[in-house]
Each structure stands twice: as structure tokens, then as C-alpha cells.
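A structural walkthrough
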Amino acid sequence: MNTADFISKKVTETIQKSTYTWQTPSNIALVKYWGKSNPQIPKNASISFTLNNCHTITTIEFEKISKSNTVTFELFFEGKKKDDFKPKIAKFFERIQEYCPYILEYKMVISSENSFPHSSGIASSASGMSAIAMCLLSLEKALNPDLTPDFINKKASFLARLGSGSASRSIEGPLVVWGEHPEIEGSSDLFAIKFPYKVHQIFENYCDTILLVDKGEKQVSSTVGHNLMHNHPYAEQRFKQANENLAKISKILTNGDIKEFITLVESEALTLHAMMLTSNPYFILMKPNTLEVINKIWEYREQNNSNICFTLDAGANVHVLYPTSEKTQVELFIKNVLADYCQNNQYITDNVGFGSKLM
Ligand code: DP6
């Protein structure tokens, strides 16, 4: 499919007023997206686990108006009017207008809330943008009932990507690939797809506990972060490595080699941070407790012959990943040991989920 396939042309129904509510999840990348070109095209393919408990719920009320030149909308976040979020969403609507021209004929009232604490350092752009995209697709389906479920998911991912790259991976689950890759059939730079191969049962219902090591505002916005990869001395090698890692993890997910999984996932996390340590300007996004936690995880793994491992986002929080068979023991370890390294002892227990849900 190419970009033109996503331009909505056919409208057969008239909708005066309609309201849709979607719950869409956050996701955690195993092979990371870091570096992009215009318009939101990733420099390498990435793969993520879709989360379950960390999600956004968004309602959009659509009301038909006469066609306007700009998108008309109001925004509420957790029940309060949120004008400071408006420019980001306005920019998103501007970008997607050519694919969804019908949005110029509606007034939209958007109300959104997150299941995770607002200033937890957890990026809400993935779940937030994918939720808006799903609501738009619900309206588009009402206007054109011919749309198929497969097209709806692809277009929602396509639109979400234009809002935030990682949001493209928040439509489906449990494992999602974004970015064209020779070994992943059907993969595309334009939208994400469900990992298309059989997944070993050890990776089913995988657990992710997010340790809130530092809940402050992100030190590096994703826009600044991705820009750091332009003229980065190691960029080309990194993009190549990420694509190689995607080929490797694709096999690991099928053959169930969990030791290889751990090595690859932890290396990806540290490489992402290494890119920031070696960029110009440079950033250290880990905090002392991030390192303490990593060392404790390694110690626990060694002493208990465990399959626990970690990954990181572009921040100090740690995602602790473990198979569901170790849930009881690892959760005790988190509660008794790792929680001490979290701000106010806060962490979020999550597991892999199946993607967006119409409410
Ligand atoms: C480190 O998707 O937040 O989480 O496209 O600029 O919105 P934008 O960036 P964003 O970048 C996510 C980067 C990452 C890795 C990942 O999720 O793959």
C-alpha cells in the first residue's frame, strides 16, 4: 500500500452527530525506533510489546458543521479543558487533513484520560495519538461502511504514526512491527502490522513492571532526541544493527530462546542510551537508581537462574520484563527490593495486551 491509498475519497452516508470512545494502549519497544526522516519515516524497523494496563481512553463527539478551512476542536484532559495540549493536536490534524478531509466538516470535542499517572515519565503520545486515530476511523467507517477491519487498523496506524512514530504500534497486539524489513512479510514504513509469525508460548502474556525511577518531565523531547541521530557519528551503523536485531528477534520469538531474547533486549536498551551519550549535544537520561536497578536485576537473574531482564525508554524509568511463569517470585523481588529505588516506591504492574478496544 502507498500513501495515496489512505486518502479517504468515498463518503456514502450522512452523519450529523456521533460519539465514539476508544481505549488504546501504550507499548514498549524491544528493538528501538530512534532516528527518522520526513514525514515520520523511521530509519530502521522496530518491534514492541503492546501493553495492557497502561492505556488512554478517548471520546470524540463529532458534530457536523459547514466546511471550514481549519479543524475545529476542543480538548479536555481528565475532565479539564487543556489548551496547552492543543497546538500538538492541531498540528496532528493539519498533517492528517489530506487523508481525512471529512474532519473539516465536523466540530470535535475530544475528552481523554490516561490509566497511568500523568507525570509518571511514561510517554502518553503513543496511546493518546492512537486513540484519536481510532475515533476518526470509527467516523470514517460510519461515512463509508465499505471499509474493512484490516484497512481500518492500517489506516489508524498510518494516522497515529503521523502524530507520533511509536503510536503506530499502539493499534494492535501483542507484538507489533513498524518499518519496512525484508524478513517481515507485509511490513511497511507507513504503518505498523501485527508480528506475522508464530510466537513461542514462553512469550505469551509476558509481564512488564514499570519502575517509576524518575517521574520528572522528559529531559529530551522525542523530537530533539530523533534529531540527534542526524549527523550522529554512529547513526548508520546503529540503523543497520537495529534491522539485524529485528531479524534476530523475529527468530527468537518463534523458537523461544529466552536467553538470546534477554541479551538482545538489554543490548537494545543500552544502545539507545549509548546513542544519546555519544550525540552532540550529549545526554545522560539514566539516573543513579536506574543503574542500581539494572545491577539488582542482573544479580537476581544470576542467583535465581531467572529469566528477568530490563528495557528502557528515552528516560530513567526501567521496564522489568519476565515470563508469566516467574510472576509470583519476580513480583516479590520487585516489591521487596526494586521498589526502594522508585520515586515514592511507585511502580506499575502490567503485561502484554491485545491492542485498541471500542468502548
Ligand atoms: C525511545 O514515537 O516518541 O520510545 O515520532 O517523535 O513522536 P516521535 O517519537 P516517539 O519515539 C519513541 C522512541 C523510543 C523507542 C521506541 O518506542 O521505539
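Calculation criteria
Residues numbered from 1 in each chain as written. Predicted model: local features only at pLDDT ≥ 70, side-chain atom pairs only at ≥ 80, totals over all residues. Heavy atoms only, no water. Pairing = 2+ DSSP bridges. Helix = DSSP H or I, 4+ residues; strand = E, 2+ residues; numbered from the N terminus. Axes fitted to C-alpha atoms, helices over the stretch in contact; angles between N-to-C directions. Contact = heavy atoms within 4.5 Å. Near = heavy atom within 4 Å. Polar contact = N/O pair within 3.5 Å; in protein donor to acceptor, adjacent residues only side chain to side chain. Areas by Shrake-Rupley, 256 points an atom, 1.4 Å probe, with all protein chains shown as cover. Nonpolar A, V, L, I, M, F, W, Y, C, P; charged D, E, K, R; others polar. Domains from an automatic or database assignment. Buried area = accessible area lost by both parts, 1.4 Å probe. Salt bridge = Lys/Arg side-chain N within 4 Å of Asp/Glu carboxyl O. Core = buried A, V, L, I, M, F, W, Y, C linked by side-chain atoms within 4.5 Å. Buried < 20%, exposed > 50% of the residue type's maximum accessible area, 1.4 Å probe, protein only.

A word on the sheet that holds strand 11 (residues 309-312). If you trace the 4 strands from one edge of the open sheet to the other, you get 11-12-10-13, paired in antiparallel fashion. Single-partner strands in this sheet number two, and they are strand 11 and strand 13 (347-351). Between one strand and the next, the sheet's axes are offset by a mean angle of 25 degrees, whatever the strand orientation. Where strand 10 (residues 207-211) meets strand 12 (residues 318-322), 5 bridges bridge the pair, whose relative direction is antiparallel. Residue pairing in the sheet places C207 in a bridge with Y322 of strand 12. Sheet contacts for helix 6 (residues 258-277): strand 11 and strand 12; angle to strand 11, the most-contacted strand, approximately 30 degrees.

Taken together, 15 residues sit near the ligand, with Y33, S164, G165, S166 and R169 positioned nearest. Taking R169, its side chain carries an N or O atom lying 2.7 Å from an oxygen atom of the ligand. Across the complex, the protein chains shield 92% of the 460 Å² of accessible surface that the ligand would expose by itself. Among the residues forming the shell around the ligand, the class breakdown is 5 nonpolar, 6 polar and 4 charged. Split by domain, the residues of the shell around the ligand number at least three in each of domain 1 (3-197) and domain 2 (205-351).

Looking now at the domain arrangement of the chain. Entries for the chain in the domain assignment read domain 1 (3-197) and domain 2 (205-351). The gap between the C-alpha centroids of domain 1 and domain 2 is 25 Å. Tallying the contact residues gives 34 residues for domain 1 and 44 residues for domain 2. Of the roughly 3200 Å² buried between domain 1 and domain 2, counting both surfaces, carbon and sulfur atoms make up 66%. The largest per-residue losses of area from domain 1 upon contact with domain 2 belong to L30, K32 and W34, which jointly make up 26% of the total buried on that side. Joining domain 1 to domain 2, the criterion identifies 1 salt bridge. Its salt-bridge partner being K251, residue E183 comes within 3.2 Å of it at the nearest N-O pair.

Before going further, it helps to examine the nonpolar core. Membership of the largest hydrophobic core comes to 77 residues, with the highest contact counts inside it found for I47, F93, M108, L136, I249 and F261. The element that contributes the greatest number of residues to this core is helix 2 (residues 125-143), accounting for 10 residues. Residue contributions to this core reach at least three from each of two domains, namely domain 1 (3-197) and domain 2 (205-351). Leaving out residues up to four positions away in the same chain, F261 has contacts with L30, F49, F203, Y206, I249, I252, L253 and C309.

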